[in-house]
Amino acid sequence: MEASPSHSVLTFRSVRLPGGFDYDTPMESIDIDLLAGGLLLIRLERSSPKLPFCDAASGLVDPDEGDILVLGKKWQDLGRGEAARMRSRIGRVFEGQGWINNLDVDENITLSGRYHEADTEEGLQERATSLATAFGLPQLPHTRPSVTSRPDLARAAWVRAFLAGPELLLLERPGRDLSLRETEPLFREVEHARGRGTAVVWLTDERDEVSHPMMNPTLLFRMEGPNMMPMERSR
């Protein structure tokens, strides 16, 4: 689908999201419209990094109130098969990493592409290897997640998120196990993806990431308890 400046990718209309065991806080009164090529940047409270926002944007959590639309469609209106196809157009770095422990990391990375038959096995491996190199990995990790270093897992999570050339990227604290300098390849790849029309959501509790010169958000918020508050960048 070719992006255009007026193309809405992710819309929350008067949304209230539940809290509960999996999250540090519920979320109240979310109204955003993220366009193709846009970046929604949310600065988290360090004491409350686990939000329901990305699960809701992926259609995995139903809002208590309001509507959530991805590419113009409400998750609640989609059947199971159509919802799965829609998620194949979303790349994500998970707060909890989201690795399947009985698969090697490289198998985890290509799993979604193989399931959705997005490319040949050779094509997936070639693109994944190219992304791994761009992100600073010497090769795709051929080890189980439990014995792979946290910095390598962080970079591998970036590869997995970008592999399918998604229309929406959901990045939950993607640089948390790396220094700011080590995260710069991700800033560059996000910038390239936005130029192709990908919409990006980036959640971080690092002020240096918020103020980084390559981070040019179109929507910028900070969390205060359950509320997303508009904010201005300081450099």
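Here, every reference points to the structure presented above.
Chains are numbered independently. Their residues run from 1 in the order of the written sequence. For this predicted model, a pLDDT threshold of at least 70 governs which residues receive local features, and a threshold of 80 or more governs which side-chain atom pairs are given and counted, while totals over whole chains, interfaces and linings are taken from all residues. With hydrogens and water stripped out, all remaining heavy atoms of the structure feed into the side-chain values.

Asks: Explain helix H5 (residues 150-162) to me, please; I cannot follow it from the model alone.
Replies: In an α-helix, one turn spans 3.6 residues; hence positions three or four apart end up facing the same way. For the purposes of this entry, the term helix denotes a DSSP run of H or I that reaches at least four residues, the term strand denotes a run of E that reaches at least two, and both are numbered from the N terminus. Take the residue count of a helix, subtract one, and multiply by 1.5 Å to get its expected span. With 13 residues, H5 should reach 18 Å at 1.5 Å per residue; the first-to-last C-alpha distance of 19 Å fits that figure. Counting buried positions over the 13 residues of H5 gives 10, a clear majority of the element. Taken as a whole, H5 has its buried residues at Leu153, Ala154, Arg155, Ala156, Ala157, Trp158, Val159, Arg160, Ala161 and Phe162. Type-normalised accessible area, obtained with a 1.4 Å probe on protein chains alone, sets the label of each residue: buried when under 20%, exposed when over 50%, and partly exposed for intermediate values.

Asks: I tried to follow the pairing of strand E7 (residues 168-172) on my own but got confused; where do I start?
Replies: Side chains on a regular strand alternate between the two faces of the sheet. Across the 5 residues that make up E7, a large majority, 5, are buried. Both faces of E7 are covered, namely the face carrying Leu168, Leu170 and Glu172 and the face carrying Leu169 and Leu171. Alignment of strand E6 (residues 90-93) against E7, held across 4 bridges, turns out to be parallel. Across the sheet, the residue bridging to Ile90 is Leu168, located in E7. DSSP bridges decide pairing: two strands pair if at least two such bridges lie between them. The sheet contact formed by E7 and strand E8 (residues 199-204) spans 5 bridges and is parallel. Opposite Glu172, over in E8, you have Leu203 as the bridge partner. The parallel pair E7 and E8, bridged by helix H6 (residues 180-195), forms a crossover whose chirality is right-handed. By definition, the crossover connecting two strands over a helix is right-handed if that path, from the first strand to the second, turns clockwise as seen with the strands pointing away from the viewer.

Asks: Help me out: how do you make sense of the pattern of salt bridges in this one?
Replies: Any carboxyl oxygen of Asp or Glu within 4 Å of a side-chain nitrogen of Lys or Arg constitutes a salt bridge here. A full pass over the atoms with the stated rule returns 15 salt bridges. Put simply, Asp64 and Arg16 hold a salt bridge, and the shortest N to O gap is 3.6 Å. Of this pair, Asp64 sits in the loop between helix H1 (53-57) and strand E4 (65-70) while Arg16 is found in strand E1 (residues 8-17), placing the two residues 48 residues apart along the sequence. Taking relative accessible area as the criterion, Asp64 reaches 43% and is therefore assigned partly exposed.

Asks: Help me out: how do you make sense of the nonpolar core in this one?
Replies: If you look at soluble globular proteins, the nonpolar side chains tend to sit buried side by side. Core analysis: the largest hydrophobic core is formed by 35 residues, its most contacted members being Ile109, Val159, Phe162 and Trp202. Examining the composition of this core, we find that 8 residues originate from one element, H5, more than from any other. The contact criterion used throughout is that any non-hydrogen atoms of two residues lie within 4.5 Å. Among all residues touching Ile109, those that are not within four sequence positions of it are Trp99, Ala128, Leu140, Ala156, Val159, Arg160 and Leu163. The nonpolar core is taken to be a set of buried Ala, Val, Leu, Ile, Met, Phe, Trp, Tyr and Cys residues, with the residues joined through side-chain atoms within 4.5 Å. Counting 34 residues, the second-largest nonpolar core is a separate cluster that includes Ala36, Ala56, Ala199 and Met223.

Asks: Would you take a moment to explain the packing of H5 against H6 for this structure?
Replies: Between two packed helices, the angle of one axis relative to the other and the distance separating the axes together describe the packing. To get an axis, a line is fitted to the C-alpha atoms, and for a helix only the part in contact is used. The angle between two axes follows their N-to-C directions and goes from 0 to 180 degrees. Taken N-terminus to C-terminus, the directions of H5 and H6 make an angle of 10 degrees; their axes are 11 Å apart at the nearest point. By the angle class used here, H5 and H6 are roughly parallel. Contact residues: H5 offers Arg155, Trp158 and Phe162, while H6 offers Glu182, Thr183, Leu186, Glu189, Val190 and Ala193. When grouped by side-chain class, the residues that make up the contact of H5 with H6 number 5 nonpolar, 1 polar and 3 charged. Here the word oblique covers every angle except those under 35 degrees (roughly parallel), over 145 (roughly antiparallel) and from 65 to 115 (roughly perpendicular). All amino acids are sorted into three groups, where Ala, Val, Leu, Ile, Met, Phe, Trp, Tyr, Cys and Pro are nonpolar, Asp, Glu, Lys and Arg are charged, and the leftover types, Gly among them, are polar.

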